[in-house]
Structures are given as structure tokens and as C-alpha cells.
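Examining the three-dimensional arrangement
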Amino acid sequence: MEHLHGPDKVKDKSSLFKCIVIVAAACLVHGVMQGVHNNYGIMLNGLLESTGIDYASISFCIGVGALVYGFAQPFLGMLALKRSNVFVILLGILFMVIGLIATPLCRNFFSLLLFFGLILPFGTTGLCFGIVMGAITPVIGEKRAAAVSGIIQASAGVGDALMSPGLQTLIAELGIQSAMWLLVIPFLLMIPIILWLGRTNKRTAVTKEKTEPQVSLIAILRSALGVKDYRLLVISFATCGFNMSIIENHLFSQFLAYGISGSAASLALTVYGIATMIGAAGAGFLGVKFPMKNVLGSVYAVRVLISLGFIFLPKSAAFAFIATALLGLSGDSTVPPTSGIISKKFGAKKMAVLYGFTLIGHQIGAFTSSYLGGVFVEHGLGYTPLWIINMCLAAIAAAASFSIQQEK
């Protein structure tokens with residue numbers, strides 16, 4: 001077999017370089033967005049002091065934002081289908097800039113609800129995983145996208161890990177207003193990158209855009225929900241939200257209730273963050289080598305074992321570190337195979353819409369475990385019932401994932 005040489009070799013290197021640049025741009029967009037989206041809790045204390053609005057009201061705005069982030073995704077996915085994913089990303093940047101600038105200036109509940117509870121979360125939705133992947137998949141190709149999806153999901157952990165301490169320091173040193181206004185800068189710097197990505201995307205996909213008919217959101221969802229495999233993915237991902245909310249809302253308090261020190265619990269959650277990045281990236285690469293449905297089913301099966309550990313094993317600092325590491329490895333690692341299966345079965349252009357719809361189930365599952373955890377603890381039942389439910393749901397999700405037909 002002859003080696004590539006001359007123009008062919010240059011072309012091959014150019015294609016690889018362009019792919020690397022596009023993936024780096026996607027990681028920047030998604031990672032910085034997640035750094036904002038995952039740090040509303042850090043902003044909360046600064047807003048308490050600057051706005052004069054009470055804790056419960058700010059918390060309510062954050063809760064509304066969580067629902068906006070879930071329910072707006074299929075609609076923005078549809079807008080991406082009609083206009084382009086790049087258009088939606090630019091729209092998301094605009095809304096995020098407005099929300100970040102206006103939020104610290106709010107002095108009453110309704111203005112805070114508008115800018116912090118609606119506009120800012122709506123903007124983050126425009127930069128969500130499904131939209132970003134929908135923007136780059138037509139350019140880098142389906143095969144590369146399967147591996148790249150894990151890297152981009154892992155960038156959420158990188159953005160969070162870097163921005164959490166950075167944002168906390170900025171708020172302490174400069175105040176919430178200056179801190180949130182400084183967050184505007186990286187989003188403004190993204191605009192030239194996004195415009196370049198849009199031109200690249202348009203050159204790659206122009207012939208497909210001319211031949212594909214326009215369809216409605218209802219038609220896309222009805223068609224997808226008529227497919228058993230998609231229904232199985234929706235069910236699985238709802239259980240994923242239940243699991244993730246236990247970690248985000250109850251795990252730290254649970255460790256303290258077990259007698260584990262606050263410093264050890266905090267360090268264990270740092271391990272969780274690192275493991276999350278490794279798990280997401282690893283799941284993306286495994287999806288290239290093995291059937292994605294098997295990767296997905298295995299992740300849910302691991303969650304069954306973790307839940308059993310929380311139910312039966314003695315709780316110690318060593319248990320906390322091992323458990324959080326396993327929770328991290330299996331945390332965001334459901335995202336690459338879920339999005340990959342959707343993309344393969346329904347096409348990259350519809351992926352933002354259909355992945356966004358699965359996220360609605362995810363957010364409903366998250367709300368359910370967050371609420372039930374509080375109810376169980378309030379009634380003196382502890383956290384064990386929550387892990388029993390999580391174990392059952394993870395088993396259902398594993399069975400559902402393994403039942404998906406082999407992707408082609």
C-alpha cells in the first residue's frame with residue numbers, strides 16, 4: 001500500500017488539524033457554559049448581599065432555571081434544525097451576556113426571576129451539549145463524533161473545576177457584580193470562533209440542507225417516540241437524572257451524617273469531579289470500539305453495584321473516596337453513548353432536538369430524587385430508601401439499554 005504523499009498528505013494533515021481546532025472550540029464553548037451553569041450556588045451568597053433578596057427567593061429562581069434548562073432544549077434544538085446550531089449558540093451567548101450583566105443589578109424578586117431564573121438559564125441552554133455536538137458533527141463526521149463526544153462532555157468538568165474556585169475568589173475579592181461582569185469576557189471572545197465554525201459548517205452541509213425537507217418539532221418527536229429504542233433511551237436517561245441529583249444535592253450531607261469529616265467529604269467530591277472527566281472521555285472512546293448500547297448498559301449496571309454499596313457496606317472515609325470515584329466514572333459517562341445512539345439512529349441534524357427531549361426526563365428525574373431525599377431525611381428514614389430506589393431504577397435502565405437494537 002502506497003504512503004500518502006504530496007497534496008494528499010497535506011490535505012490529510014489539514015483535515016486533522018481542522019478537526020482538532022473544532023473540537024477545542026467546542027470544548028471551550030461547552031466547558032465555560034457549564035462553569036457558569038454549575039456555579040449558581042456560589043453566586044447565591046453574593047446575590048444575597050448585593051440584591052437584598054432572601055435565600056428562599058433566590059433558591060426558587062435557581063430552581064426555575066433548572067426547569068428552563070431542561071424544557072427549553074428541544075425547542076432550541078428545533079430552532080437549530082430550522083436555522084442552524086451555530087445560530088442557536090450565538091443566541092445563547094447573547095442571552096447569557098444579558099443575564100450576567102443584569103442579574104447583579106436586580107433589587108427585587110421579579111427582576112431576579114427574569115434575568116437569573118429565565119434569561120441566563122435560557123442562554124446556557126443554547127450552549128448545551130446537544131447543540132454543540134449538532135454544530136460540529138456534520139464537519140468532523142459521525143465516526144469521530146462518537147469519540148469526541150466524551151471529550152466535550154469531559155470539558156464540562158474542566159470548566160467547572162477551574163471556574164468554581166476562580167468565581168468564588170472573584171466574588172470574595174471584587175464582589176458579585178464585578179465577578180459576573182468578568183464572566184462576560186470569555187463569551188464575547190467566543191463569537192469570532194463561533195462565526196468561523198458557522199462558515200465551516202455551512203460549506204460542509206450546504207448540499208444536505210438543500211435537499212432535506214423542513215419538519216415540525218411535533219413531527220420529529222412523534223416519529224422518534226414511535227421507535228422503541230428511543231423510548232428506552234428516554235426512560236434510561238430519566239433514571240440518570242435521579243442518580244445525578246442524589247450526588248449533587250444529598251451526597252455531601254450524607255457523608256456528614258455518616259460521621260465523615262467535612263474536609264474529607266469535600267476532598268471526596270474533588271475526586272468525584274476528576275473521575276467524572278475521566279469517565280466521560282473514556283465512554284466516548286469505548287463507544288468507538290464497542291456497541292454504544294453495551295457501553296451505556298454497563299454504566300447503569302455499575303450504578304446498581306454502587307447503590308448496593310451505599311445500602312449494605314460500612315461507611316467510612318475510605319468508602320467515601322471509593323464510592324465517589326465510582327460515581328464520578330459512571331456519572332457523565334451516560335451522555336456520549338446516549339447522544340451517539342440518537343445521532344446514529346436519527347441523524348446528526350435531529351440530535352439536538354431529540355437529545356434535548358431526553359433531558360426533560362433527566363431533569364424530572366433530578367427533581368424527584370432531590371425532593372424525595374428531603375422527605376426521607378425529614379421523616380427520619382435517612383438516605384437508604386433513596387439508594388434502594390436508585391438501585392431499582394439503574395437496573396431498569398441497564399436492562400433497557402442492553403435491549404436497544406445494535407446501532408449500525
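Summarised in this report is the structure supplied together with it. (Residues numbered from 1 in each chain as written. Predicted model: local features only at pLDDT ≥ 70, side-chain atom pairs only at ≥ 80, totals over all residues. Heavy atoms only, no water.)

1. Here's the deal with helix α16 (residues 335-346)
Under the 1.5 Å per step criterion, the end-to-end length of α16 is 16 Å for twelve residues, consistent within 8% with the ideal 16 Å. For α16, a buried count of ten out of twelve residues is recorded, marking the element as mostly surrounded by other parts of the structure. Where α16 is concerned, the buried positions are V335, P336, P337, T338, S339, G340, I341, I342, S343 and F346. In the segment just after α16, G347 is the residue with positive phi, at about 100°. (Helix = DSSP H or I, 4+ residues; strand = E, 2+ residues; numbered from the N terminus. Expected span 1.5 Å × (residues − 1). Buried < 20%, exposed > 50% of the residue type's maximum accessible area, 1.4 Å probe, protein only.)

2. Some remarks on the pattern of salt bridges
All told, the structure shown has one salt bridge when counted by the stated rule. The shortest N-O distance in the salt bridge between K345 and D229 comes to 3.1 Å. Taken together, the residues K345 in helix α16 and D229 in helix α12 (residues 228-257) connect sequence positions 116 residues apart. We classify K345 as partly exposed; its relative accessible area is 29%. (Salt bridge = Lys/Arg side-chain N within 4 Å of Asp/Glu carboxyl O.)

3. Overview of empty space enclosed by the protein
Tallied over the full model, the rule gives three cavities of 30 Å³ or more. Every residue along the wall of the second largest cavity is listed here: A25, A26, V29, I89, V132, A135, I136, I193, I194 and L197. In terms of residue class, the lining of the second largest cavity is made up of ten nonpolar, no polar and no charged. (1 Å grid on protein atoms, 1.4 Å probe; cavity = no way out; pocket = protein on both sides within 12 Å on 5 of 7 lines; lining within 4 Å. Points joined across faces, edges and corners; volume = space filled by probe spheres on them. Nonpolar A, V, L, I, M, F, W, Y, C, P; charged D, E, K, R; others polar.)

4. Points about the side chain of Q34
By secondary structure assignment, the location of Q34 is in helix α1 (residues 7-37). Taking relative accessible area as the criterion, Q34 reaches 9% and is therefore assigned buried. Residue contacts for Q34: discarding those within four places in its chain leaves Y69 and A156. (Contact = heavy atoms within 4.5 Å.)

5. Concerning the packing of helix α14 (residues 292-312) against helix α18 (residues 384-402)
Interhelical geometry of α14 versus α18 gives an angle of 160° and a closest axis separation of 8 Å. Accordingly, the angle class assigned to the pair α14 and α18 is roughly antiparallel. Like other packed secondary-structure pairs, α14 and α18 cross with a definite hand, here left-handed. Residues that form the contact of α14 with α18 fall into these classes: 15 nonpolar, seven polar and two charged. (Axes fitted to C-alpha atoms, helices over the stretch in contact; angles between N-to-C directions. Parallel < 35°, antiparallel > 145°, perpendicular 65-115°, else oblique. Left-handed = near helix turned anticlockwise from the far one by under 90°.)

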